[in-house]
Amino acid sequence: MEAATDILGGLMKAFAFLARPKPAPKQKFTYAPAGNAVHARRCLRPHERAAIDSLVGELSILDPKNPDHADTIKSKFEALSALPVKFVPIKRQTCIDRSKSYR
C-alpha cells in the first residue's frame, strides 16, 4: 500500500507542476543612440535657466554638418560647459518582437 501512495503522490506532484501557469517571457529591447540631453547638475537660478535655454535654443537652430557653423557651435558648447549642466546621452528603446508569424 505504501508503494501505491508514493506513486500516486508522485503523479499528483507531476501534474501539479505541469498544470501551473507558465510565467510570461521577459521583454527584450535594443537601444540605439538618439542624441544628447542637457540636464542641470543642481537646482538652477532663474538667470542660469534663461541662459541655458537661450544657448540650447541657438544650438538647435545651427546645423552641425555645415562647416560654417563649426566655430559658433564650439563657442556655444564652451559657454554651456561653464554653466552647471551635464550632457546625458539619450537612447531610443525598441522592443524585440518575439511573436510567431503565421504564414
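Quick notes on the rules
- Per chain, residue numbering runs from 1 following the sequence as it is written.
- Selection of residues for local features in this predicted model requires a pLDDT of at least 70, selection of side-chain atom pairs for listing and counting requires 80 or more, and totals for whole chains, interfaces and linings are taken over all residues.
- Only hydrogens and water are set aside when side-chain values are computed; all heavy atoms of the structure are taken into account.
- Numbered from the N terminus, helices here are DSSP runs of H or I no shorter than four residues, and strands are runs of E no shorter than two.
- Radius of gyration here is computed from C-alpha atoms only, and the compact-globule reference equals 2.2 Å multiplied by the residue count raised to the power 0.38.
- The buried label applies to any residue whose accessible area, calculated with a 1.4 Å probe on protein chains only, is under 20% of its type's maximum; exposed applies above 50%, and partly exposed to all values in between.
- Throughout, a residue-residue contact means that at least one pair of heavy atoms, one from each residue, lies within 4.5 Å.
- Within this scheme, the nonpolar core is defined by two criteria: the residues are buried Ala, Val, Leu, Ile, Met, Phe, Trp, Tyr or Cys, and they are joined through side-chain atoms within 4.5 Å.
- Each patch groups residues whose relative accessible area exceeds 30% and which form no salt bridge, using 9 Å between like charges and 5 Å between nonpolar side chains of Val, Leu, Ile, Met, Phe, Trp and Tyr.
- Computed with the Shrake-Rupley method and a 1.4 Å probe, the accessible areas treat only the protein chains shown as cover for residues.
- Every case where a carboxyl oxygen of Asp or Glu lies within 4 Å of a side-chain nitrogen of Lys or Arg is listed as a salt bridge.
- Every axis in this analysis is a line fitted to C-alpha atoms, fitted for helices over the stretch in contact. Angles between the N-to-C directions lie between 0 and 180 degrees.
- The labels follow the angle: roughly parallel below 35 degrees, roughly antiparallel above 145, roughly perpendicular from 65 to 115, and oblique for the rest.
- Handedness of a helix crossing follows the sense of rotation of the near helix relative to the far helix, less than a right angle counterclockwise being left-handed and clockwise being right-handed.
- The predictor attaches a confidence to each residue, called pLDDT, with possible values from 0 through 100.

### Structural notes on the overall build of the chain
(1) Moving on: Looking only at helices and strands, the chain has three helices and two strands in total.
(2) Moving on: Its C-alpha atoms give the chain a radius of gyration of 29 Å, more than 25% over the compact-globule value 13 Å for 103 residues.
(3) Moving on: With the principal axes as the frame, the chain shows a C-alpha extent of 90 × 45 × 15 Å.
(4) Moving on: Expressed as a percentage of the 103 residues in the chain, the buried residues total 13%.
(5) Moving on: Across the chain, the fraction of contacts at a sequence separation of at least 24, relative to all contacts at a separation of at least 6, is 77%.

### Some words on the nonpolar core
Buried together is how nonpolar side chains tend to be arranged in soluble globular proteins.
(1) Moving on: Residues Leu-44, Ile-52, Leu-55, Leu-59, Leu-62, Ile-73, Leu-80, Leu-83 and Val-85 constitute the largest nonpolar core, which totals nine residues.
(2) Moving on: Those elements that place two or more of their residues in this core are α2 (46-61) and α3 (70-82).
(3) Moving on: Among the elements that take part in this core, α2 stands out by supplying three residues, more than any other.
(4) Moving on: Excluding residues that lie within four positions of it along the chain, Val-85 makes contacts with Val-38, His-39, Ala-40, Arg-41, Ile-52 and Leu-80.

### Let's talk about a nonpolar patch on the surface
(1) Moving on: A grouping of Ile-7, Leu-8, Leu-11, Phe-15, Phe-17 and Leu-18 is seen on the molecular surface, where their side chains present a nonpolar patch of about 680 Å² in accessible area.
(2) Moving on: Looking at the secondary structure, you find Ile-7 in helix α1 (residues 2-19).
(3) Moving on: The class for Ile-7 is exposed, based on a relative accessible area of 54%.

### Digging into the packing of α2 against α3
Helix-helix packing: each pair is described by the crossing angle between the helix axes and the interaxial distance.
(1) Moving on: Contact pair α2 / α3: the axes reach a minimum separation of 10 Å and the direction vectors enclose 155°. Here α2 lies roughly antiparallel to α3, going by the angle between them. In the packing of α2 onto α3, the handedness of the crossing is left-handed. Facing α2, whose interface residues are Ile-52, Leu-55, Val-56, Glu-58 and Leu-59, α3 presents Ile-73, Lys-76, Phe-77, Ala-79 and Leu-80.

### Regarding the confidence of the model for the chain
(1) Moving on: Scored by pLDDT, the chain comes out at a mean of 89, with 97% of its residues at no less than 70.
(2) Moving on: Mean pLDDT across the secondary structure elements of the chain bottoms out at α1, with 83, and peaks at strand β2 (residues 85-95), with 94.

### Quick word on the pattern of salt bridges
Close approach of charged atoms lets side chains of opposite charge pair.
(1) Moving on: Enumeration according to the criterion identifies three salt bridges in this entry.
(2) Moving on: Across the salt bridge formed by Glu-48 and Arg-42, the nearest N and O atoms sit 2.9 Å from each other.
(3) Moving on: Given a relative accessible area of 9%, Glu-48 falls into the buried group.
(4) Moving on: In this structure, the salt-bridge partner of Glu-48 is Arg-45, at a minimum N-O distance of 3.8 Å.
(5) Moving on: The structure contains a network of salt bridges with shared partners spanning Arg-42, Arg-45 and Glu-48.

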